[in-house]
Amino acid sequence: MASEAASRVSFGALSAIFDDTKPQTPEPIVQCVHIKPLPPQQNNQERYRAVFSDISNYVQTMLATQLNPIVTGGVLRKGCFVRLKSFQANSVKGKKILVIIDLEVLQELGEAEKIGEPKPLETKTDDDEKNQPTTISSSGFYGSKIQGTQVQTGMRVQSARPALGSAHATIYPIEAISPYSHKWTIKARCTSKSTIKTWHNRNTEGKLFSVNLLDDSGEIRATGFNDQCDMLYDIFQEGNVYYISNCRVQIAKKQFTNLNNDYELTFERDTVVEKAEDQSDVPQVRFNFTAIGDLQSVEKDTTIDVIGVLKEAMEVSQIVSKTTNKPYNKRELTLVDNSGFSVRLTVWGATALNFNALSESVIAFKGVKVSDFGGRSLSLLSSGSMTVDPDIEEAHRLKGWYDAQGRDGSFTSHASLLGTTSSTMRPDRFKTIAQVKEEQLGMSEEAVYFSLKATVIYIKQDNMCYPACLSEGCNKKVTELDPGQWRCERCDKTHSRPEYRYIMLVNVSDHTGQLWLSCFDDVGRLIMGTSADQLMELRQADEKAAGDVFQEANCRTLNFRCRAKIDHFGDQQRIRYQISSAKEINYSEEASRLAELIELYNVS
Ligand SMILES: [Zn+2]
């Protein structure tokens, strides 16, 4: 098998990619000899690096994020053989890097140990304009370290895209744009356009606007200042597709954007923006919705997309920023969805002033920030966008649900999960364990929510918590490298101790059956009556005392709010029940609920 595979590999193709004078192999076949995630980026999007060998040489590559599923799905693995269908050759700080935009794993060739002794591609140095920082250039990843010389060579794109009109012969995918690419044109849809913002300070004043641009490979933000603001502001319209070329490319300022791109564009004097005659082959805004009921488990300051039915819109009000003393217009909206939850969402500035969506419209928001004010609330970022009644499947589904049952439903706000506010849980959403199983809640594609009154009968003691990062709002698992050295990959920090957080499996029972529920830290604290940190400390000092804490947590009856969703483990599927919140029983409410149920038996 390996010898057959070896005979298919395009020997010498990699060095030709970086050398125009050599004959090129279209769609070369190479072996994957290494694969590894990049250190996590600020926005959390995973990226992978891979090393490919053509037996003669090996080269570092960065995989476009749309290829992530073939890595996480285990299709692209060390040892396998692939056909590189679309890629771009870059040279960064003297190191040759391919950005892989599309590839195909040749599964019929199987997997093999590294064939031959491929050598790193030789480095040839050119002049460089600037020392450009890059996320690619970390050292020590497979093969030689980066040398100090800064190099930049020309590059070409070999793309599997259909040829476009001659005026726009080389359309680059957004994903391939970097400070090292020149002479590119992108064809992208403007998915959001900001208002014009002005600034005045002691030395300068000016204005700017920015747009978010999207194609099938990714998204990028572009900003125009002063003259470019005058020149281009009216040309861009949200929703339209443009050819754009001659912009400056620089490292993205992630604090001002919700987009997932390491770079951003600045319009310059010779920037060309032209509306595309063909609007159809560029995707519409991409959403990755979080259900309102799931917000409780989303960390503060995360940027998400959300869709909901507009239940209520308040009047515009003004607040004065404490830091800048500038007044801001804001408007608070209340959204609901079929998770049975409602949430407050604030829109700002012109979006707040011009807001005219009718009550009960479906609104999709891209780029909203999650805050923990009032339990959970949302705020539309200036880089975000709002679409009223979008023509997308989720919107139609939500509309159908709302007309059928949502209009008369009552909703739990995240604020009411916090404390003693009286419960708005309706009796019809309470299920017995037998009903949960019989109705196969969670078997469909969507998560299903239900309330459950049940008694804790067993708490699994091993793996009931994990060591988490101490950084504000992080909560990621840390690893102990050396005693007293707990490393968080995400924050890139080492802490002297972790904070333990619960991740528990709890067996509960009611008069109809038993069910395993899982929960996170806040619910864990309520069930155990102590923090995971304290419990771990106690366990080290006195194992028996820690056992007693588990004993005491048993046999308590609580009201659980749960979410059922199907989980895939390889070929197997099973429903996972997650507790999103738990409460002590309020006996007077409970009594009224039971009274209502008993009432139903009265046949008069
Ligand atoms: Zn961290």
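What counts and what doesn't
Residues numbered from 1 in each chain as written. Predicted model: local features only at pLDDT ≥ 70, side-chain atom pairs only at ≥ 80, totals over all residues. Heavy atoms only, no water. UniProt positions renumbered as here; feature names shortened; annotations may be inferred. Pairing = 2+ DSSP bridges. Helix = DSSP H or I, 4+ residues; strand = E, 2+ residues; numbered from the N terminus. Axes fitted to C-alpha atoms, helices over the stretch in contact; angles between N-to-C directions. Phe/Tyr/Trp six-rings, centres within 6.5 Å; stacked < 30°, edge-to-face > 60°. Buried < 20%, exposed > 50% of the residue type's maximum accessible area, 1.4 Å probe, protein only. Lys NZ or Arg CZ within 6 Å of the ring centre and 35° of its normal. Donors = N, O, S within 2.8 Å, 3.2 Å for Na, K, Ca; no water. Tetrahedral: all angles 85-135°; square planar, octahedral: opposite > 155°, others 65-115°. Patch = residues over 30% accessible without salt bridge, like charges linked within 9 Å, V, L, I, M, F, W, Y side chains within 5 Å. Areas by Shrake-Rupley, 256 points an atom, 1.4 Å probe, with all protein chains shown as cover. Salt bridge = Lys/Arg side-chain N within 4 Å of Asp/Glu carboxyl O. Arc of directions from axis to C-beta. Contact = heavy atoms within 4.5 Å. Core = buried A, V, L, I, M, F, W, Y, C linked by side-chain atoms within 4.5 Å.

As annotated in an unreviewed UniProt entry, the protein chain carries the name Replication protein A subunit and comes from Aspergillus heteromorphus CBS 117.55. Per UniProt, the comment on the protein chain under Subcellular location (unreviewed entry) is "Nucleus". Under the UniProt heading Subunit (unreviewed entry), the entry covering the protein chain gives this text: "Component of the heterotrimeric canonical replication protein A complex (RPA)."

Participant: Would you explain the sheet that holds strand S24 (residues 479-482) in this entry?
Facilitator: Across the sheet, which stays open at both edges, the three strands sit in the order S24-S25-S26 with antiparallel pairing between neighbours. Looking at strand neighbours, the two that pair on one side only are S24 and strand S26 (493-495), the edges of this open sheet. Shown here is a sheet whose adjacent strand axes are inclined to one another by a mean of 40°, direction ignored.

Participant: Sorry, what's going on with the packing of aromatic side chains here?
Facilitator: To describe a pair of aromatic rings, you give the distance between the ring centres and the angle between the ring planes. If you walk through the whole model with that rule in mind, you get twelve aromatic pairs. Taking 6.3 Å as the distance between ring centres and 50° as the angle between the ring planes, the aromatic pair formed by Phe209 and Phe236 counts as tilted. Here Phe209 is found in strand S11 (residues 205-214), whereas its partner Phe236 is found in the loop between helix H4 (226-232) and strand S13 (241-251), with 27 residues between them in sequence. The pair formed by Phe209 and Phe236 is uniform in burial state, with each residue classed as buried. Feature note: the residues Phe209, Tyr233, Phe236, Tyr242 and Phe267 constitute an aromatic cluster, connected by ring pairs. Lying over the aromatic face of Tyr233, Lys193 brings its terminal NZ or CZ to 3.8 Å of the ring centre. Geometry around Phe430 places Arg593 over its ring, the cationic atom sitting 3.6 Å from the centre.

Participant: Can you help me understand the coordination of the zinc ion in this one?
Facilitator: The textbook angles at a metal center are 109.5 degrees for a tetrahedron of four donors and 90 or 180 degrees for an octahedron of six. Distances from the zinc ion to its protein donors, namely Cys469 (SG), Cys474 (SG), Cys488 (SG) and Cys491 (SG), fall within the range 2.2 to 2.3 Å. Classification of the site at the zinc ion rests on its four donor atoms, whose angles at the metal span 104 to 113°, yielding the label tetrahedral. Of note, the donors binding the zinc ion are all from one chain and are spaced C-x4-C-x13-C-x2-C. What makes Cys474 buried here is its relative accessible area of 2%.

Participant: For this particular structure, what's the right way to read unusual backbone geometry?
Facilitator: With glycine set apart, most residues show a phi of negative sign, and most peptide bonds adopt trans. Of note, the phi angle at Asn226 is positive, near 45°, even though the residue is not glycine. Among the secondary structure elements, Asn226 is positioned in helix H4. One non-glycine residue, Cys555, lies in positive phi territory at about 65°. If you trace the backbone, Cys555 turns up in the loop between helix H10 (543-553) and strand S30 (557-569).

Participant: It is not clear to me how a nonpolar patch on the surface should be interpreted in this structure. Could you clarify?
Facilitator: A cluster of nonpolar side chains, Leu594, Leu597, Ile598, Leu600 and Tyr601, forms an exposed patch at the surface whose accessible area comes to about 570 Å². Summarising the element assignment, Leu600 is placed in the segment after helix H11 (587-599). Relative accessible area serves as the criterion here: at 67%, Leu600 is assigned to the exposed category.

Participant: Please explain helix H8 (residues 521-528) as it appears in this structure.
Facilitator: Every α-helical turn comprises 3.6 residues, leaving residues that sit three or four positions apart pointing alike. Looking only at H8, the buried set comprises Asp521, Val523, Gly524, Ile527 and Met528. For H8, the arc enclosing every buried residue in end-on projection is 160°, short of the 170-degree limit, so these residues lie on one face.

Participant: Teacher, can you tell me more about the side chain of Ser518 here?
Facilitator: Its location among the elements puts Ser518 in strand S29 (residues 513-519). Taking relative accessible area as the criterion, Ser518 reaches 9% and is therefore assigned buried. For Ser518, the residues in contact, after removing those within four places along its chain, are Met504, Leu505, Arg576, Tyr577, Gln578 and Ile579.

Participant: Please clarify how the nonpolar core should be interpreted in this entry.
Facilitator: A general tendency of soluble globular proteins is for nonpolar side chains to be buried together. Ranked by size, the top nonpolar core spans 41 residues in total, and within it Val508, Ile527, Met528 and Phe560 carry the most contacts. Within the second largest apolar cluster, 28 residues are counted, among which are Ile177, Ile220, Cys247 and Phe267.

Participant: Would you take a moment to explain the pattern of salt bridges for this structure?
Facilitator: Per the counting criterion, the structure on display carries 23 salt bridges. Measuring nitrogen to oxygen at the nearest pair gives 2.7 Å for the salt bridge that ties Arg47 to Glu175. Residue Arg47 is located in the loop between strand S1 (29-37) and strand S2 (48-53), and its partner Glu175 is located in the loop between strand S8 (171-172) and strand S9 (185-193); the two are separated by 128 residues in the primary sequence. Across the pair, Glu175 and Arg47 agree in class, each one buried. For Arg77, the salt bridge goes to Glu111, with nearest N and O atoms at 3.1 Å. With Arg77 in the loop between helix H3 (68-72) and strand S4 (81-92) and Glu111 in the loop between strand S5 (95-105) and strand S6 (119-120), this residue pair connects regions lying 34 residues apart in the sequence. Note on Arg77: relative accessible area 41%, which makes it partly exposed. Glu111 gets classed as partly exposed once you look at its relative accessible area, which sits at 46%. Shared partners join several salt bridges into a network, and the residues in it are Glu499, Arg501, Asp521 and Arg525.

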